[in-house]
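Structure at a glance
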Amino acid sequence: MRTVSTRLVSSRLAAAALGAALGASASGAATAEILRKGAWPDVEPKVSVEVSNEPRNEALKRVAQAAGWSLVLNVPPGNVVDLHVQDQPADRVLELLLADGSYVATRDGDLIAIAPAPAAPYPGAPAPERPAAVSPGAPAPAASPDGAEDDDAEDEDAEEARPSSRGRDRFVTGGSLRIEKGEVVNDVSVIGGSLDVWGTVTGDIDVMGGSTHIHEGARVRGDVSTVGGPLTVADGATIDGDVDVVGGPLRRGERARIRGDVNNDASPGGGDGASAKGASTLARKAGNAVTRTAFLFAFGAVMLALWPRRMEALKVEIAARPMRSFALGVVGVLGAVAVAAALCVTLIGIPFAVIGLLLAVVAVVAGGCAVLETAGAGLFGHRTRNPYAHLAIGCLGLLIVSGIPYVGGALCAAVALIGAGALVATRLAGLLRPRPRGEGAAGPYRTAP
């Protein structure tokens, strides 16, 4: 790898090899002066590109796409060219397309930025005058004191020059993802895990059920959407697109740059009028429902992994006698409330009542997971025997139906009661052993014959 700045003067041999393919370079002997900065490999990939009657910048984008580069152009569009290249090094083709002036090519991994060279000629450059940064007839760019106009121009050029090849997509389910500094990826999707971005994301970011942190120096060129988790944009981080945060807070540093629109249901004053407020409320409810469903699936998966036999006992009871389980659930819940009220009469019984209610809630959630697994097995049991897939299908069905007014609430209550009744019928899935036969009401002692 060459990490120092070097000047590359294209040879006449390379120009003769590719000159017939460049309509704009038909004069043949022109040499391009390109100052390379950053880390450039010794051998670039070979490309095959066919371009007819297109501006020079469009041809550059096609070459970058074929070579797997992410290209940022801040150069004049150039003349119309015809490019017919077969298995030629990408950097050589780049040199010949930029044969009309002097340019600086700065590289960071697969990201290459090309801009006109300074007005001063390079050491050893030929004396004849030629435009370095401005096309003929165009006004020379005036450097503003604060550099704001230059930044805006670079941003606009970067937006126009987004190539179609911007790194590979990343998709993670049930785990966390970290984009390291200097790493370039395209679209990023994370479900049920956190995301930390230190590098460059050329596409969009979508995170569901986890936290998202855009660290200092990181850049996201697309949109950022999060559901059911917080979003943190640190000082020095940049997001070029829109930001949508549902079901979580947005933490933004004072020096963080977000160029698009920001929509966050947790931020005050986020909307004007009843329509904006209603949309915000709907989005918040949807985020909360997704979060609850994800927690329910995670809890059920843990129960299936740790106690598969007890979950199977609950599943058998629910499938065999669902109405009996529902009735026992109603009786069990009423009995639990009565016992808790009796314990709360005395100060000593209050801690036991609180602990008992917490344990009862955990048990009812486990029973509800068994109900959802049973429903999923009834729907897709003929396609797969995986209990985790059955649980996921049941959770997804509950998420969809729970959005229906009144019906959703009644269904959630029925799932909880059936699960509680199955726990009662199976004596907490076998945790409580039945009394041996022959024992009377007074205990294991029997009267003499």
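Above this note sits the structure.
None of these values were measured; they are calculated from a predicted model.

**Side note on the sheet that holds strand S17 (residues 224–227)**
- Spatially, 6 strands are ordered S8-S11-S14-S17-S20-S23 in an open sheet, and the strand pairing comes out parallel. Edge positions in the sheet fall to strand S8 (170–173) and strand S23 (262–264), since each has one partner strand and no second. Strand-to-strand twist across the sheet, computed as the mean angle between neighbouring axes with direction ignored, equals 0°.

**A few points about the pattern of salt bridges**
- Scanning the entire structure with this criterion turns up 12 salt bridges.
- Linking Arg36 and Glu95 is a salt bridge whose minimum nitrogen-to-oxygen distance equals 3.4 Å. On the criterion of sequence distance, the pair formed by Arg36 in strand S2 (residues 33–38) and Glu95 in helix H3 (residues 90–97) is long-range, its members being 59 residues apart. Here Arg36 and Glu95 have matching classes, each one buried.
- For Lys61, the salt bridge is made with Glu58, and the minimal N-O distance between the two is 3.6 Å. Here Lys61 and its partner Glu58 are both found in helix H2 (residues 56–67), 3 residues apart, which amounts to about one turn of the helix.
- A residue is classified by how much of its surface remains accessible, and Lys61, at 23% relative accessible area, is partly exposed.
- Among the ionic contacts, a cluster of salt bridges with common partners joins Arg36, Asp91 and Glu95.

**Observations concerning the nonpolar core**
- Judged by nonpolar contacts, the single largest core of 26 residues is most densely connected at Leu83 and Ile114.
- Those elements giving two or more residues to this core turn out to be strand S3 (46–55), H2, strand S4 (70–73), strand S5 (80–89), H3, strand S6 (102–108) and strand S7 (111–116).
- When residues of this core are assigned to their parent elements, the largest contribution, 5 residues, is made by H2.
- Among all residues touching Ile114, those that are not within four sequence positions of it are Leu71, Val72, Leu73, Asn74, Val75, Leu94, Leu98, Tyr103, Val104 and Ala105.
- In this structure, Ile179, Ile214, Val233 and Ala237 belong to the second largest nonpolar core, which totals 23 residues.

**Brief notes about the environment of Thr200**
- With respect to the helices and strands, Thr200 occurs in strand S13 (residues 200–201).
- Thr200 sits 33 residues away from Gly167 along the chain, and the two C-alpha atoms are 9.6 Å apart.
- The residues touching Thr200, leaving out its near neighbours within four places in the chain, are Glu183, Val184, Val185, Arg219 and Arg221.

**Description of the packing of helix H6 (residues 308–320) against helix H8 (residues 349–380)**
- One way to put it is that H6 packs onto H8 with a least axis distance of 9 Å and a crossing angle of 65°. Between H6 and H8 lies a crossing whose hand is right-handed. Residue-level inspection shows Met311, Leu314, Lys315, Ile318 and Ala319 of H6 in contact with H8, the latter providing Ala366, Gly367, Cys369, Ala370, Val371, Glu373, Thr374 and Ala377.
- Here the contact of H6 with H8 is composed, by residue class, of 9 nonpolar, 2 polar and 2 charged.

**Examining the side chain of Thr374**
- By secondary structure assignment, the location of Thr374 is in helix H8.
- Owing to a relative accessible area of 14%, Thr374 belongs among the buried residues under this scheme.
- Not counting residues within four places of it along the chain, the set of residues in contact with Thr374 comprises Lys315, Ile318 and Ala319.

**Quick notes on the sheet that holds strand S10 (residues 184–185)**
- If you walk across this open sheet you meet the 5 strands as S10-S13-S16-S19-S22, and the pairing is parallel. Lying at the two open borders of the sheet, with one neighbouring strand each, are S10 and strand S22 (257–258).
- As paired strands, strand S19 (residues 238–239) and S22 are joined by 2 bridges and run parallel to one another. Residue pairing for S22: Ile239 is matched across the bridge by Ile258.

**Description of a negative patch on the surface**
- A cluster of acidic side chains, namely Asp169, Asp187, Asp204, Asp206 and Asp223, defines a negative patch on the protein surface.
- Assignment of secondary structure puts Asp169 in the loop between helix H4 (148–160) and S8.

**A closer look at a nonpolar patch on the surface**
- A surface patch of nonpolar side chains, about 420 Å² in accessible area, is lined by Val339, Leu343, Ile348 and Phe352.
- Tracing the backbone through its elements, the reader meets Leu343 in helix H7 (residues 322–343).

**Details of unusual backbone geometry**
- Positioned with a positive phi, Asp87 is a non-glycine residue whose angle comes to about 55°.
- With respect to the element layout, Asp87 can be found in strand S5.

**Observations regarding the state of the cysteines**
- Under the counting rule described, the total for this entry stands at 0 disulfides.
- Lacking any disulfide linkage, Cys369 is separated from the closest cysteine sulfur, that of Cys395, by 6.2 Å.

**Re the pairing of S6**
- S6 sits mainly inside the fold: 5 of its 7 residues count as buried.
- Relative to S6, S2 runs parallel, the two being bridged by 6 bridges. Looking at the pairing, Lys37 lines up with Thr106 of S6.
- Where S6 and S7 come together, 6 bridges link them in antiparallel fashion. Its bridge partner lying in S7, Asp108 is registered against Leu111.
- Between the antiparallel neighbours S6 and S7 lie 2 residues, among them Gly109 with a positive phi of about 70°.

**Quick word on the packing of aromatic side chains**
- Inspection of the entire model under this criterion finds 1 aromatic pair.
- Residue placement shows Arg36 over the ring face of Trp40; its charged tip is 4.6 Å from the ring centre.

The rules behind each value
- Residues numbered from 1 in each chain as written.
- Predicted model: local features only at pLDDT ≥ 70, side-chain atom pairs only at ≥ 80, totals over all residues.
- Heavy atoms only, no water.
- Pairing = 2+ DSSP bridges.
- Helix = DSSP H or I, 4+ residues; strand = E, 2+ residues; numbered from the N terminus.
- Axes fitted to C-alpha atoms, helices over the stretch in contact; angles between N-to-C directions.
- Salt bridge = Lys/Arg side-chain N within 4 Å of Asp/Glu carboxyl O.
- Buried < 20%, exposed > 50% of the residue type's maximum accessible area, 1.4 Å probe, protein only.
- Core = buried A, V, L, I, M, F, W, Y, C linked by side-chain atoms within 4.5 Å.
- Contact = heavy atoms within 4.5 Å.
- Left-handed = near helix turned anticlockwise from the far one by under 90°.
- Nonpolar A, V, L, I, M, F, W, Y, C, P; charged D, E, K, R; others polar.
- Patch = residues over 30% accessible without salt bridge, like charges linked within 9 Å, V, L, I, M, F, W, Y side chains within 5 Å.
- Areas by Shrake-Rupley, 256 points an atom, 1.4 Å probe, with all protein chains shown as cover.
- Lys, Arg positive; Asp, Glu negative; His and termini not counted.
- Charge placed at Lys NZ, Arg CZ, Asp CG, Glu CD.
- Disulfide = S-S within 2.5 Å.
- Phe/Tyr/Trp six-rings, centres within 6.5 Å; stacked < 30°, edge-to-face > 60°.
- Lys NZ or Arg CZ within 6 Å of the ring centre and 35° of its normal.

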